[in-house]
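Descriptive structure summary
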Amino acid sequence: MAAVDALSSGCEERTPVMLLGVDPHKSTHTATAVDPASNQQAGSLRIEANLAEYRRLLAWVRRRPQRRWVVENANGLGRHLAQWLVARGESVIDVPASATSRVRQLTRGGGRKNDRIDAAAAATAYIHGDGREVNVDDHTTALALLDERRVNLAQARVRTVNQLHAVLRALLPGGAPPQLSADQATALLRTVRPAGDAEKVRKDLARELVTEIRALDKRLAENAARMEELVRASGSTLMNTPGVGPVLAARLVGRVGRASRFATAAAFANHTGAAPIEIASADKARHRLSRSGDRQLNSVLHTIAVTQIRMPNSPGHAYYQRKRSEGKTPREAKRCLKRRLADHVWRIMIADERMSKHPLPQAT
């Protein structure tokens, strides 16, 4: 497809770096060049989502040696293009769709929207401070993929177990116990003597569901083993923390990525939703629970906190008991522990990141 308008010779570069905002879609991508000094558009190009068109897009900006790509949702529809560009040495920034929407509303108003405007809004959002650098897919991406797969497997197992309970309620008086394993279900089915076609079908369905549960259990075990292998290979020391196993460590590494993208432990705690929100007016101030942030990471911190509270010799247990002796309620003490754990996790991940960049010399 022809360019909407080329990077015209009349728009001379007034800054060393030209921003190239990209609005990605499943079948097409639109790129708009924006001068960050004036926030003015210097050209736009729409391409099809294929490798030949990717090369045409790169050729379009070759005469702009100082450039930076700003891709909206580089972890979603823009992932393939973003990774293709990074692999070729390009500087790529990921900007969330919410940031471009906010820029478009503030600068345009009236609901005006098209791909070129969205691409320019992505670049403007980066000028205003939104976005983070896109890196080549590494072990963090692999762990994020395994974590997503684990979530899907766990959800499938819950659905299958619920279906099995429904069938067993019709086969057994009182049904099956709440915590039901595949072996327990098999033992229960041995006691069933079906009478009539309906009960025979129910028993056959129950057997099929038990087989599915066994298969899901096997996949979950394989998934956890693969996670542990990758976490150890990455050099992460998160599993040295009481309450952190391979699954939680994998989720932390996969969802956080580079911990250094958070300037401070407080910034990381805010990202995880573990930092309380201050509400102050005049001489009165209080703090309330944060409901924002990455809820998956917040859930990980919650699990670690609950586990450490139940471990008498863990540092988390001692901290929790100290907060309780200060008059905190169990819920308040747990929230304090989660905030402390957020700091601990960030420091561990920062140390691991530095160690990976400067490994210790091998003994000879």
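A few points on the structure. This is a predicted model, so every value here is computed, not measured. (Residues numbered from 1 in each chain as written. Predicted model: local features only at pLDDT ≥ 70, side-chain atom pairs only at ≥ 80, totals over all residues. Heavy atoms only, no water.)

1. Structural notes on the overall build of the protein
Regarding its fold elements, the protein presents 12 helices and eight strands. Relative to a compact globule of 364 residues, whose C-alpha radius of gyration would be 21 Å, the protein shows 27 Å and is clearly more extended. With the C-alpha coordinates of the protein rotated into their principal frame, the extents come out at 85 × 65 × 60 Å. When burial is assessed residue by residue, the protein has 41% of its 364 residues classed as buried. When contacts within the protein are restricted to residue pairs at least 6 apart in sequence, long-range pairs at least 24 apart make up 61% of them. Only carbon and sulfur atoms are counted for the fraction: they give 51% of the accessible area of the protein, which is about 20100 Å². For the protein, the separation between the mean place of its 58 positive charges and that of its 36 negative charges on side chains is 5 Å. (Helix = DSSP H or I, 4+ residues; strand = E, 2+ residues; numbered from the N terminus. Rg over C-alpha atoms; globule rule 2.2 N^0.38 Å. Buried < 20%, exposed > 50% of the residue type's maximum accessible area, 1.4 Å probe, protein only. Contact = heavy atoms within 4.5 Å. Areas by Shrake-Rupley, 256 points an atom, 1.4 Å probe, with all protein chains shown as cover. Lys, Arg positive; Asp, Glu negative; His and termini not counted. Charge placed at Lys NZ, Arg CZ, Asp CG, Glu CD.)

2. Describing the packing of helix H3 (residues 97-107) against helix H4 (residues 115-127)
Following both chains from N to C, one finds H3 and H4 inclined at 105°, their axes separated by 8 Å at the closest point. Between H3 and H4, the crossing angle belongs to the class labelled roughly perpendicular. Taken together, the residues of H4 that come into contact with H3 (itself represented by Ala99, Thr100, Val103 and Arg104) are Ile117, Asp118, Ala121, Ala122, Thr124 and Ala125. Grouping the constituent residues of the contact of H3 with H4 by class yields six nonpolar, two polar and two charged. (Axes fitted to C-alpha atoms, helices over the stretch in contact; angles between N-to-C directions. Parallel < 35°, antiparallel > 145°, perpendicular 65-115°, else oblique. Nonpolar A, V, L, I, M, F, W, Y, C, P; charged D, E, K, R; others polar.)

3. Section: helix H9 (residues 265-272)
Burial in H9 covers these residues: Ala265, Phe268, Ala269 and Thr272. Taken around the axis of H9, the buried residues stretch over an arc of 100°, which confines them to a single face. Those residues of H9 that are buried lie in contact with helix H8 (246-256), helix H10 (295-309) and helix H12 (330-357). Backbone geometry just after H9 places glycine 273 at a positive phi near 75°. (Arc of directions from axis to C-beta.)

4. A closer look at the sheet that holds strand S2 (residues 28-35)
Read across the sheet, six strands follow the order S3-S2-S1-S4-S5-S6 without closing on themselves; strand pairing throughout is mixed. Two strands close off the open sheet at either side, each with one partner strand: strand S3 (40-48) and strand S6 (132-133). Note that strand S1 (residues 18-24) and S2 share six bridges and pair antiparallel. When the bridges of S2 are listed, proline 24 appears paired with histidine 29. (Pairing = 2+ DSSP bridges.)

5. Regarding the pattern of salt bridges
Summed over the entire model, instances satisfying the criterion amount to 13 salt bridges. Arginine 207 serves as the salt-bridge partner of aspartate 204, at 3.9 Å between the closest nitrogen and oxygen. With aspartate 204 and arginine 207 both in helix H7 (residues 197-233) and three residues apart, this pair spans about one turn of that helix. Here aspartate 204 falls in the partly exposed class, since its relative accessible area comes to 40%. Between arginine 232 and glutamate 228 there is a salt bridge, with the nearest N and O atoms lying 3.0 Å from each other. (Salt bridge = Lys/Arg side-chain N within 4 Å of Asp/Glu carboxyl O.)

6. A closer look at the pairing of S1
Counting buried residues along S1, seven of its seven residues qualify, which places the element largely inside the surrounding structure. Burial along S1 is two-sided: Met18, Leu20, Val22 and Pro24 and Leu19, Gly21 and Asp23, pointing in opposite directions, are all buried. Joining the antiparallel neighbours S1 and S2 is a turn of three residues.

7. What to know about the packing of H7 against H8
Packing of H7 against H8 leaves a shortest axis separation of 9 Å and a crossing angle of 60°. Our classification of the angle between H7 and H8 gives oblique. Seen along the crossing, H7 lies across H8 with a hand that is left-handed. Between H7 and H8, the residues in contact are Ala224, Met227, Glu228 and Val231 and Pro246, Val247, Ala249 and Ala250, respectively. (Left-handed = near helix turned anticlockwise from the far one by under 90°.)

Interpretation in functional terms is not warranted from these geometric data alone.
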